[in-house]
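# Report on the structure
Here is how the chains run, residue by residue.
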Amino acid sequence: MGLLHHTVMYEVDFPNVACQKATLIKTAKELSALVGDTEGEQLGVTTTFSGEDYKLLGVDLSELSKLSTALKEAGLDNEVPTLFIAEVVLTYMENSRSDALIQWAAEHFSQACFLLYEQMHPEDPFGRVMQQHFSQLNSALHSLSQYPDCEAQQRRFFEKGWTECSVMDMNEFFTCCTPENEQQRVQALEPFDEYEEWHLKCSHYFVLTASKGMEPSWTPLLSSMTVPHHHDPVRMVGSINALVCEVHSETSGLRRYGHHSALIKPNVILTTGGFGEENGQHCRMRNFHVLIKHAGYWKAGCVKKENPDKRWDERLYHTVSCLSSSLALVVGGRTSPCAALGMLWLKFPKTCNDLDPNDNTVELVSLQPAAEPFALRWRHSTTEVIFKGEKYLFMYGGRSAAQPVLGDWYFLHTPEISCTVIPVEGPVPEGRHSHSACSWKGGVLIAGGLGAAEQPLGSVFFLREAEHGFQWQTVETHPPLIPRYSHTAHVHDGKLLLVGGVWLHSFSVPGITVIDLITGLCLDYAINVEHLEWPLMLHNHSSVFLPNEKELLLIGGGGNCFSFGTYLNPKPVSLSLRNILTSH
């Protein structure tokens, strides 16, 4: 782009790596032409390649005297403005050595800028999976223990002699510092549906800029700030213990995400779809699984399909609505982000075999027409509402192969599932997917979700029955609900419970939020995981509320954690909500 005239790049790497890079540059015509191979020039002891504006040095960064000598030998002038770029480099060094390097750069260069990009937040569930990945590669991330967050990294640079320093996580960087047209270009590169993993990955990487001696001062991360920081810790008013729900089972089918779990009868939970582990393989889930509580214990089993030739299509992000104890409607879902699916009936026997969960059946029945255009969506909600004494399913939001966010809705009259026009008044909520929806007082409560700008939403709406139809009402919460998506929700005794999800606050992960629907009081509770031996990832999960026990059962959850591998919560988890539901 012509922006680097009179600029020389010095790349420093381990000697053996630098030699390999030099060989690659010399043997690739387009690379050597790009940097202008000056073959006749005498190379220094540590210089493995010297071009017109590119020098490659083989030095261990922790040996600072050798580094100084090598740079001087290669022609570096430390009085000239110099930018240091360290992209996931320092964290692999012992902290004492990386600290010394940061201080050396501040002391030896009169006009200097430093750009640092690496990991943070090692102790939350995603951070633990990330750390485990690097440990298995025998490449531990040393910085994390001493400098676990943005504030600690900023203090580090101030203490080592830098006069200006600003830092933000990559969610903020993408939103604030990446031009909108570039954001749109990236978002349109390929079909994409891994929003949770994208936001979690970005909340575990930061970009830091520091400078000294620059006139005017160099603070590129502060120049275009348009949205507030997410660094303020969330105020938790208490915690809820998470306990492993011991399940008597020979099946691993509950390890999955993007699935749906529904209480089809008292103490009987059906789990369908999603991506998970079956017979030791990661795959889209073909089988249905049932959890049955008998004599105080949960048993899990694989449900037999009465018509195994009938296609289930291995769908993710669908909904399942129970219309009776023997009938449920599956709406939407997808195979890939290019292929949405339609509707399907699930028919069960009137009675369940409590003693042997594997001895239960389900029949799949297609709707005619199954592929109604309005049903071809995923990450939506389907909730029972009542209008003039008649039951309807209210389908709202989601996304489709053509539209990244949908804001429309349909009323499906039950049981024949006919689309019915019912007038709706009031302020229309912005389009969203991955929100929650709960039946309440004959209407539906919609909370959170991911909006058109791929930013989590913090709004709560109540669609209530009015004289001639329905009406949207905003539910005001105080303090304001922290924006989130990919959570689950339940209503009990005038309180809306939001469970888990993803938000952009780096300091913590969502636990349980309780919203009093009469007063609007909004309280956040952390989930105490000290009794679990593994990270609990509460996104893309399902949850079932057992009102008599005031117990919440969390099933599945997790995802493909960037390049760190797929993580699936290994077992269902039980949360007793008795204390928080009786204390308000």
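Below, the structure is looked at part by part. Here the structure is a predicted model, which means the values were calculated and not measured. (Residues numbered from 1 in each chain as written. Predicted model: local features only at pLDDT ≥ 70, side-chain atom pairs only at ≥ 80, totals over all residues. Heavy atoms only, no water.)

### Examining a nonpolar patch on the surface
Where nonpolar side chains cluster on the molecular surface, the patch consists of M1, L3 and L4 and spans about 470 Å² of accessible area. Tracing the sequence through the fold places L4 in the segment before β1 (9-13). The class of L4 is exposed, set by a relative accessible area of 62%. (Patch = residues over 30% accessible without salt bridge, like charges linked within 9 Å, V, L, I, M, F, W, Y side chains within 5 Å. Areas by Shrake-Rupley, 256 points an atom, 1.4 Å probe, with all protein chains shown as cover. Salt bridge = Lys/Arg side-chain N within 4 Å of Asp/Glu carboxyl O. Helix = DSSP H or I, 4+ residues; strand = E, 2+ residues; numbered from the N terminus. Buried < 20%, exposed > 50% of the residue type's maximum accessible area, 1.4 Å probe, protein only.)

### Focus on the nonpolar core
Counting residues in hydrophobic clusters, the biggest one holds 44 residues, and the most contacted among them are I512, L536, L575 and L577. Here the element with the most residues in this core is helix α5 (residues 125-136); it accounts for 4 residues. In contact with I512, other than residues within four places in its own chain, are I240, L498, V499, L523, D524, Y525, I527, L552, L575 and I580. Counting 30 residues, the second largest nonpolar core, distinct from the first, contains L61, A86, A105 and V167. (Core = buried A, V, L, I, M, F, W, Y, C linked by side-chain atoms within 4.5 Å. Contact = heavy atoms within 4.5 Å.)

### Looking at the packing of aromatic side chains
In the structure shown here, the tally under the stated rule is 25 aromatic pairs. Pairing F114 with F157 gives two aromatic rings, centres 5.2 Å apart and planes at 70°, and the pair type is edge-to-face. Taken together, the residues F114 in strand β5 (residues 112-119) and F157 in helix α7 (residues 150-159) connect sequence positions 43 residues apart. Assessed through its relative accessible area of 0%, F157 is described here as buried. With centroids separated by 5.1 Å and ring planes inclined at 55°, the aromatic side chains of W440 and F462 adopt a geometry described as tilted. Here W440 is found in strand β26 (residues 436-440), whereas its partner F462 is found in strand β28 (residues 460-465), with 22 residues between them in sequence. A relative accessible area of 8% places F462 in the buried class. A network of ring pairs unites the aromatic residues F387, F394, Y396, W409, F411, F461, F470 and W472 as a single cluster. Just above the ring of Y205 sits the side chain of K201; from NZ or CZ to the centre is 4.7 Å. Above the face of the F288 ring, K305 is positioned so that its terminal group lies 5.1 Å from the ring centre. (Phe/Tyr/Trp six-rings, centres within 6.5 Å; stacked < 30°, edge-to-face > 60°. Lys NZ or Arg CZ within 6 Å of the ring centre and 35° of its normal.)

### Comments concerning helix α1 (residues 15-27)
Each α-helix turn comprises 3.6 residues. Residues three or four places apart therefore point the same way. For α1, built from 13 residues, the straight-helix expectation of 18 Å at 1.5 Å per residue is met to within 8% by its first-to-last C-alpha distance of 19 Å. Regarding α1, the residues found buried are A18, A22 and I25. Angular distribution of buried residues about the axis of α1 spans 65°; they occupy a single face of the element. Turned more than 90 degrees off the buried face of α1, the exposed positions are Q20, L24 and T27. Buried residues along α1 sit in contact with β1, α2 (29-35), β2 (47-50) and β3 (54-58). (Expected span 1.5 Å × (residues − 1). Arc of directions from axis to C-beta.)

### Some remarks on the pairing of β2
Direction of pairing for β2 relative to β3: antiparallel, over a ladder of 3 bridges. Bridge pairing links F49 to L56 in β3. Linking two consecutive strands that pair antiparallel, namely β2 and β3, is a turn of 3 residues. (Pairing = 2+ DSSP bridges.)

### Observations regarding the pattern of salt bridges
The full count for this structure, using the stated rule, is 16 salt bridges. One salt bridge connects K21 with E11, and the closest N-O pair in it is separated by 2.5 Å. Pair noted here: K21 is in helix α1 and E11 is in strand β1, with a separation of 10 residues, a long-range link. Exposure remark for K21: the relative accessible area of 26% places this residue in the partly exposed category. Several salt bridges converge on common partners, so that one network encompasses D193, E196, R334, R379 and R399.

### Describing the environment of S434
With respect to the helices and strands, the residue S434 is situated in the loop between β25 (424-425) and β26. Taking the relative accessible area as the measure of exposure, S434 reaches 7% and is therefore buried. Sequence-wise, S434 and V405 are 29 residues apart; in three dimensions their C-alpha atoms are separated by 9.8 Å. Residues contacting S434, with those up to four places away along its chain left out, are E196, R379, G449, Y485, S486 and H487. Of the polar contacts made by the side chain of S434, one reaches the side chain of R379; its length is 2.7 Å. (Polar contact = N/O pair within 3.5 Å; in protein donor to acceptor, adjacent residues only side chain to side chain.)

### Here's the deal with the side chain of N569
Position of N569 among the secondary structure elements: in the loop between β37 (566-568) and β38 (573-576). Of note is the side chain of N569, whose polar atom sits 3.1 Å from the backbone oxygen of G556. Beyond its immediate stretch of four places on either side in the chain, N569 contacts R255, W534, P535, L536, M537, G556, G557 and G558.

### Brief notes about the packing of helix α8 (residues 170-177) against helix α10 (residues 195-203)
Taken N-terminus to C-terminus, the directions of α8 and α10 make an angle of 105°; their axes are 6 Å apart at the nearest point. Here α10 runs roughly perpendicular to α8, going by the angle between their axes. Of α10, the residues touching α8 (which contributes M170, N171 and F174) are W198, H199, C202 and S203. The class makeup of the residues in the contact of α8 with α10 is 4 nonpolar, 3 polar and no charged. (Axes fitted to C-alpha atoms, helices over the stretch in contact; angles between N-to-C directions. Parallel < 35°, antiparallel > 145°, perpendicular 65-115°, else oblique. Nonpolar A, V, L, I, M, F, W, Y, C, P; charged D, E, K, R; others polar.)

### Some remarks on the environment of P357
Along the chain, P357 falls in the loop between β19 (343-347) and β20 (361-366). In this structure the C-alpha to C-alpha distance between P357 and L329, which are 28 residues apart in sequence, comes to 22 Å. Non-local contacts of P357, meaning those with residues more than four positions away in its chain, are made with V290, I292, K299, A300, G301 and C302.

### Some points on the sheet that holds β2
The mixed open sheet is built from 3 strands, whose spatial order is β1-β3-β2. Two strands bound the open sheet, and with one partner strand each, they are β1 and β2. Direction aside, neighbouring strands of the sheet carry axes that sit 15° apart on average. Its contacts with the sheet put α1 on β1, β2 and β3, and the angle it makes with β3 is roughly 145°.

### Quick notes on the sheet that holds strand β10 (residues 256-257)
The sheet built from 3 strands is open, its strands ordered β10-β13-β14 with antiparallel pairing. Each edge of the open sheet is held by one strand with a lone partner, namely β10 and β14 (281-284). Across 2 bridges, the pairing between β10 and strand β13 (residues 275-278) is antiparallel. In the strand pairing of β13, Y257 is matched with F275.

### Re the pairing of strand β12 (residues 268-272)
On a regular strand, each side chain points to the face opposite its neighbour's, so the side chains alternate between the two faces of the sheet. Most of β12 is tucked away, with 5 of its 5 residues classed as buried. Residues V268, L270 and T272 of β12 are buried on one face, and the alternating residues I269 and T271, pointing to the opposite face, are buried as well. Sheet topology note: the strand β11 (residues 260-265)/β12 ladder contains 5 bridges and is antiparallel. Along β12, the bridge assignment pairs A262 with L270.

The values reported here are purely geometric and, on their own, carry no functional implication.
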